[in-house]
Amino acid sequence: MIDVSPRGKESASRAVADTLAARLTALYPSARLVRRDLTAEPLPHLDDTTLRAISTKDPEEAQRLQDAARLSDHLTGELLASDLLVIATPMWNFGIPSALKAWIDLVVRPGRTFQYTGDGVLGLAKDKKAILVLASGGVFTEGPWRDWDFVEPYLRQILGFIGITDVQTVRAEGMNIPPLAASAVAKANEAVKELAL
Ligand SMILES: Cc1cc2nc3c(=O)[nH]c(=O)nc-3n(C[C@H](O)[C@H](O)[C@H](O)COP(=O)(O)O)c2cc1C
């Protein structure tokens, strides 16, 4: 479970993610829930050395740069070992916060989570489900702002690229529209009950 919002107790996406975590724990008491908080533990952007370390095909270079690949190794390992990925994120400037993009840049990795083949791209993160918990100030499921949503389409596309195509979404939307904000989290918590888990 990836938590992105820095807004702590004020965060709608975190509140709904908490509800989902509680439901998952009740359904699967023996499963391990790994909660990765990108505010408490921010991830670095890719630098030149890390980029080389995670993309080189030369085994000697990979060996020499293994320290620089360690964080990506850990995060891809965590993802590949999971059955369900939950991403709880705000919409910022119509897209995802860069903290989440930093995680994506570390886990979408050739040879680990996808590979190029003669027939195109093969996603290697197989047999997983994902749930997106999305919070936004406006409304994007309908109405004039629909085309401005670069969160859900992007996340679905990039998860599909690495092989995760079973994706469900829960939204707390209208957080900046007072009459909607009042009930947005409660509605999203209700929607959590409808998820196929
Ligand atoms: C830096 C920033 C940018 C934002 N950009 C948008 C936006 O483009 N569209 C929108 O609908 N809401 C936007 N919002 C509102 C948030 O999506 C909204 O407050 C949401 O509840 C944030 O999620 P959280 O409560 O989990 O932190 C923005 C908020 C911040 C702080």
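Residues numbered from 1 in each chain as written. Predicted model: local features only at pLDDT ≥ 70, side-chain atom pairs only at ≥ 80, totals over all residues. Heavy atoms only, no water.

### Description of the side chain of aspartate 3
Structurally, aspartate 3 can be placed in strand β1 (residues 2–3). The class of aspartate 3 is buried, set by a relative accessible area of 3%. Dropping the residues within four chain positions of it, aspartate 3 is found in contact with Arg14, Ala17, Arg35, Arg36, Asp37, Leu38, Thr39 and Ala88. (Helix = DSSP H or I, 4+ residues; strand = E, 2+ residues; numbered from the N terminus. Buried < 20%, exposed > 50% of the residue type's maximum accessible area, 1.4 Å probe, protein only. Contact = heavy atoms within 4.5 Å.)

### Let's talk about the sheet that holds β1
The strand order across the open sheet formed by five strands is β2-β1-β3-β6-β7, and the pairing between neighbours is parallel. Looking along the sheet, the strands with just one partner apiece sit at the ends: β2 (36–37) and β7 (166–173). Bridge count for β1 against strand β3 (residues 84–90) is two bridges, and the pairing is parallel. Bridge pairing in β3 places aspartate 3 opposite alanine 88. (Pairing = 2+ DSSP bridges.)

### Side note on the packing of helix α1 (residues 12–27) against helix α7 (residues 178–194)
At a minimum axis distance of 9 Å, the contact between α1 and α7 shows a crossing angle of 30°. Judged on the interaxial angle alone, α7 and α1 are roughly parallel. For the pair α1 and α7, the crossing hand works out as right-handed. Across the interface between the two elements, Ala12, Ala15, Val16, Thr19, Leu20 and Arg23 of α1 pack against Val185, Ala188, Asn189, Val192, Lys193 and Glu194 of α7. In terms of residue class, the contact of α1 with α7 is built from seven nonpolar, two polar and three charged. (Axes fitted to C-alpha atoms, helices over the stretch in contact; angles between N-to-C directions. Parallel < 35°, antiparallel > 145°, perpendicular 65-115°, else oblique. Left-handed = near helix turned anticlockwise from the far one by under 90°. Nonpolar A, V, L, I, M, F, W, Y, C, P; charged D, E, K, R; others polar.)

### Topic: the site of the ligand
Residues in contact with the ligand amount to 17 residues; listed here are only the nearest, Ser5, Arg7, Ser11, Ser13 and Gly138. The side chain of arginine 7 places a nitrogen or oxygen atom 2.7 Å from an oxygen atom of the ligand. In this structure, an oxygen atom belonging to the ligand sits 2.8 Å away from a main-chain N or O atom of methionine 91. Burial of the ligand by the protein amounts to 78% of the accessible area it has alone, namely 630 Å². When residues of the shell around the ligand are traced back to their parent elements, those giving at least two are α1 and β6 (129–136). (Near = heavy atom within 4 Å. Polar contact = N/O pair within 3.5 Å; in protein donor to acceptor, adjacent residues only side chain to side chain. Areas by Shrake-Rupley, 256 points an atom, 1.4 Å probe, with all protein chains shown as cover.)

### Brief notes about the pairing of β6
Among the eight residues in β6, seven count as buried, and that is most of the element. With seven bridges joining them, β3 and β6 adopt parallel strand pairing. In the strand pairing of β6, leucine 85 is matched with alanine 130. Examined bridge by bridge, β6 and β7 share eight bridges and lie parallel to one another. Note on β7: the bridge partner recorded for leucine 132 is threonine 169. Crossover connection from β6 via helix α6 (residues 152–161) to parallel β7: handedness right-handed. (Right-handed = clockwise from strand over helix to strand, strands pointing away.)

### Details of the nonpolar core
One finds Leu85, Leu100, Trp103, Leu155 and Ile164 to be the most contacted residues of the largest nonpolar core, which totals 30 residues. At the level of elements, α4 (66–81), β3, α5 (98–107), β6 and α6 are the ones that each hand at least two residues to this core. In terms of residues, this core owes the most to one element, α5, which gives six residues. Residues contacting tryptophan 103, with those up to four places away along its chain left out, are Ile2, Arg36, Leu38, Leu43, Leu75, Leu85 and Ile87. (Core = buried A, V, L, I, M, F, W, Y, C linked by side-chain atoms within 4.5 Å.)

### A closer look at unusual backbone geometry
Despite not being glycine, asparagine 93 has its phi angle at roughly 50°, a positive value. Residue classification places asparagine 93 among the exposed residues on the basis of a relative accessible area of 76%. Even without being glycine, phenylalanine 94 reaches a positive phi, approximately 70°. Within the secondary structure layout, phenylalanine 94 lies in the loop between β3 and α5.

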